[in-house]
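Here is how the chains run, residue by residue.
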Amino acid sequence: MHISEGVLSAPVLITGIVGTAVLAAATMRKMDLEEIPKVSVITSVFFVSSLIHVPIGVTSVHLILNGLVGVILGWRAFPAVLVGLVLQAILFGHGGVTVIGVNSLMMGGGALIAYIVWKQRYHFSFKRREFIFGALAGATGVGISGIVLAVALATTGEAFHAVAGAVLLAHIPIIIIEAGVVGACAEFLSRVKPEILGGQRLAPSTTAGSDAAV
Amino acid sequence: MALDIDRYSNIDSSISRWDPRFKIFALGILIISIALFKTIPMALAALVIATMIIGMSALPLHFISHGLSFILIFLVPFFFIMPFSYPGEAAFHIMGLPFAWEGLRYATLIFTKALAIVLISFTIFGSSRFDVSMIALQKLKCPKIFVQMLLFTYRYTYVFLDEMHRMHTSMHSRGFVAGPNAQTLRIYGNFIGTLLVRSFERTDRVYKAMLSKGYQGELHSMVKFHSSFQDIFKGLIVVGLSMALLLSDYAGIYKVAERGWY
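Being a predicted model, the structure only gives us computed values, none of them experimental. (Residues numbered from 1 in each chain as written. Chains lettered and ligands numbered in written order. Predicted model: local features only at pLDDT ≥ 70, side-chain atom pairs only at ≥ 80, totals over all residues. Heavy atoms only, no water.)

A. Seen up close, the overall build of chain B. Within chain B, the secondary structure is distributed over 8 helices and 2 strands. For chain B, the α and β elements follow one another from N to C terminus as α-α-α-β-β-α-α-α-α-α. Here the C-alpha radius of gyration of chain B, 23 Å, is well above what a compact globule of 262 residues would show, namely 18 Å. C-alpha extents for chain B along the principal axes are approximately 65 × 60 × 30 Å. For chain B, the residues scored as buried account for 48% of the 262 residues in total. Taking the contacts inside chain B whose residues are at least 6 apart along the sequence as the reference set, 78% of them involve residues at least 24 apart. As presented, chain B carries roughly 13,200 Å² of accessible surface, and 66% of it is formed by carbon and sulfur atoms. Positive and negative side-chain charges in chain B, numbering 24 and 15 respectively, have mean positions lying 5 Å apart. (Helix = DSSP H or I, 4+ residues; strand = E, 2+ residues; numbered from the N terminus. Rg over C-alpha atoms; globule rule 2.2 N^0.38 Å. Buried < 20%, exposed > 50% of the residue type's maximum accessible area, 1.4 Å probe, protein only. Contact = heavy atoms within 4.5 Å. Areas by Shrake-Rupley, 256 points an atom, 1.4 Å probe, with all protein chains shown as cover. Lys, Arg positive; Asp, Glu negative; His and termini not counted. Charge placed at Lys NZ, Arg CZ, Asp CG, Glu CD.)

Structural data, given as C-alpha cells:
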C-alpha cells in the first residue's frame, strides 16, 4: 500500500507534499491539548495493527485500517495517518521520506472520506447499522487509497500503467477484508465504548461521565 | 521485535557527534535531491555516498541489514514487474511476455535510489536518541503538535505491541486459527476494538498523571544543542554535494545515448 521511494516523478511528489501540508493544516486546526494523546493512541494502534496479517490462499495481506482511523478520529484522522506514515518511514524505511506527501494524501484522504461515509449512519435506522456503516467506511477507506495510488502511478508515466492496473486489482481482496474487520470493530466499539467513535451523537447524560474528570 | 531505531545511538562517531539540527537538515536535502535523480550513474554515486555516510556512523551491520530486509520486500518485485510491463520495444519474449530493457533500467534506477535514501534515513535517526531527533525537528520549525504526536506515538507503539502479543497468545491458547473466512475478520475486528478500548483507558490514566505533573502542552528537555563550526562545515559539505550531484544529473552529462542504459 505504500509507494516506494524513487518511483514517482517530481511534480507528483510536490503535489503530494503541498496537498498534505494544506490538509494537515486544515485538519489540525484548533486541536486541543487533550486531543494529542488520544490521536497518538489511535495512531499507534493503526501502526501496530498493520502488523496483523490475514491469510488469503497461499499469501496474506496486512491490515491497513485507514478507514477505522477515520471512523474513530473524524477529521483528526489526517494528522494521525501522517504521523503513522512518518514513523513507518523512519522505523522501517517503508514508503520513504520524499513520498510521505503522496502516501498521506492517499491513506489520509481515504480516512477522511471513510469518516464522511460513517457519519451518514444517522440518516438510517436498522439492525446492525454500525456494522454495515463501519464496513462501508472500511471499504471506502482502502478503496479510495487504491484509486489515488493508481492515479499517482498512472500520471507518473506510461511505464506504470500496467502496474496501476495491477494495484487496483490487488485491492479487491483487501477491500473485502477491511470491510469485515472495520465493520466488526465499529459494532464492537459502539456497544462497549461508544464515546471513542468519531462523530458520535451522545445523549447529554452520557457525555458528563466520561469527560468530567479530565 | 526490535523496532527501536535509536538502539545504537550511543555509538560514538562523527555522525552521532554532529548537531542533530544540522544533520537532519543537510541529510534531508541530500535525500530530496537523490529522489529527483534520473540517471543510473548518479543513483549509483548516491548509493556510494550513502554507504560512506552509514560507514562513518559506525552503526552495526546487522542493524542495517535488519532494516533493509523490510524495504527489499517492497522493492524486489519491481524487477519482475517493470521489464515485462514497460510499453517500450520488447527485446525478447519470456514465456510469451515481452521483455523490455528500458523497464529493467527503470527498475534498477528505482531500486538504487530507494536503497540510498533508506540508508541515509537510517543514519539520520539511528545515530541520535529519538527524543533528541524530535526536539531537533521542533527546532527546525516543525509544528509543535506534530512533534509531540510523533513522540507519543513512538512510545505507545511499544506498549501496544506488548499488549497485542499478550492478546494474541490468549487467542491462540483458546484455539484460534486465522483463516480466510468471515469469522476471522470478525474476531480481528473485536481484537482491534479491545486493543483500542484498553489502550484508551491506559492513555487516559497516563494523561491525567502528566497533567498532575504540570504538563501544559510544552515539551521540555534537558537536551541542549551546541553547534560549532564543524557542524556547519559538515552541513555545508553535504548540501553542496547534493546540489552538485543534482545539477550534474539534470545537466545530462551522463546521458550518452538517448535511449541507452543511462
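Right, picking up where we left off after that structure.
B. Main features of the overall build of chain A. Counting secondary structure elements, chain A contains 8 helices and 2 strands. Each helix and strand of chain A, ordered N terminal to C terminal, gives the series α-α-β-β-α-α-α-α-α-α. The buried share of chain A, taken over its 214 residues, is 60%. Here the analysis covers contacts within chain A between residues at least 6 apart in sequence; of these, 73% occur between residues at least 24 apart. Carbon and sulfur atoms make up 68% of the accessible area of chain A, which totals about 7,900 Å².

C. Structural view of the packing of helix α1 (residues 20–35) of chain B against helix α4 (residues 101–126) of chain B. Residue and element names in this part refer to chain B. Packing of α1 against α4 brings their axes to within 10 Å, and their N-to-C directions diverge by 170°. Considering their axes alone, α1 and α4 lie roughly antiparallel with respect to each other. Between α1 and α4, the residues in contact are Lys-23, Ile-24, Leu-27, Gly-28, Leu-30, Ile-31, Ile-34 and Ala-35 and Lys-113, Ala-116, Ile-117, Ile-120, Ser-121 and Ile-124, respectively. Taken together, the residues of the contact of α1 with α4 break down into 10 nonpolar, 2 polar and 2 charged. (Axes fitted to C-alpha atoms, helices over the stretch in contact; angles between N-to-C directions. Parallel < 35°, antiparallel > 145°, perpendicular 65-115°, else oblique. Nonpolar A, V, L, I, M, F, W, Y, C, P; charged D, E, K, R; others polar.)

D. Examining helix α7 (residues 161–192) of chain A more closely. The terminal C-alpha atoms of α7 of chain A lie 45 Å apart, and with 32 residues this matches the ideal 46 Å at 1.5 Å per residue to within 8%. The sharpest bend along α7 of chain A comes to roughly 30°, located at Ile-172 of chain A, with the proline Pro-173 of chain A sitting one to four residues further on. (Expected span 1.5 Å × (residues − 1). Bend = angle between axes of the 7 residues up to and from the residue.)

E. Fine view of the pattern of salt bridges. Under the counting rule described, the total for this entry stands at 14 salt bridges over all chains. Taking the shortest distance from any N to any O, the salt bridge between Glu-35 of chain A and Arg-76 of chain A comes out at 2.8 Å. One end of the pair, Glu-35 of chain A, is in helix α2 (residues 35–49); the other, Arg-76 of chain A, is in the loop between α3 (66–73) and α4 (77–92), and 41 residues separate them in sequence. Between Asp-131 of chain B and Arg-129 of chain B there is a salt bridge; the shortest N-O distance is 2.8 Å. (Salt bridge = Lys/Arg side-chain N within 4 Å of Asp/Glu carboxyl O.)

F. Fine view of a nonpolar patch on the surface. A contiguous nonpolar patch, built from Phe-124, Phe-126, Ile-132 and Leu-136 of chain A and spanning about 350 Å² of accessible area, is present on the exposed surface. Summarising the element assignment, Ile-132 of chain A is placed in helix α6 (residues 129–156). (Patch = residues over 30% accessible without salt bridge, like charges linked within 9 Å, V, L, I, M, F, W, Y side chains within 5 Å.)

G. Representation of the interface of chain B and chain A. At the junction of the two partners, chain B supplies 66 residues and chain A supplies 64 residues. Counting each side, the surface lost to burial between chain B and chain A is near 5,800 Å², with a carbon and sulfur contribution of 84%. Across the salt bridge formed by Glu-201 of chain B and Lys-193 of chain A, the nearest N and O atoms sit 3.4 Å from each other. For the pair chain B and chain A, the number of links is 1 residue pair in polar contact (both at pLDDT 80 or more). Taken together, the elements giving at least two residues each to the side of chain B that touches chain A come down to α1, α3 (61–85), α4, α6 (144–173) and α7 (182–212) of chain B. (Buried area = accessible area lost by both parts, 1.4 Å probe. Polar contact = N/O pair within 3.5 Å; in protein donor to acceptor, adjacent residues only side chain to side chain.)

H. Representation of the confidence of the model for chain A in the model. Overall, the prediction assigns chain A a mean pLDDT of 82, with 85% of residues at 70 or greater. Predicted confidence for residues 205–214 of chain A stays below pLDDT 50, and this span has 6 contacts to residues more than four positions away or in other chains. (pLDDT = per-residue confidence, 0-100.)

I. A look at the nonpolar core. If you look at the biggest cluster of nonpolar residues, it comprises 145 residues, and the most contacted ones within it are Ile-72 and Leu-189 of chain A together with Ile-5, Ile-192 and Leu-196 of chain B. At 14 residues, the largest contribution of residues to this core is made by α6 of chain B. Those residues within four positions of Ile-5 of chain B in sequence are excluded, and the remaining contacts are Ile-90 and Leu-91 of chain A together with Phe-63, Phe-122, Phe-125, Gly-126, Phe-130 and Tyr-154 of chain B. (Core = buried A, V, L, I, M, F, W, Y, C linked by side-chain atoms within 4.5 Å.)

J. Representation of the environment of Ile-90 of chain A. In this structure, Ile-90 of chain A sits in helix α4. The class of Ile-90 of chain A is buried, set by a relative accessible area of 6%. If we skip the residues at most four places from it in the chain, Ile-90 of chain A touches Ile-5, Phe-122, Phe-125 and Phe-130 of chain B.

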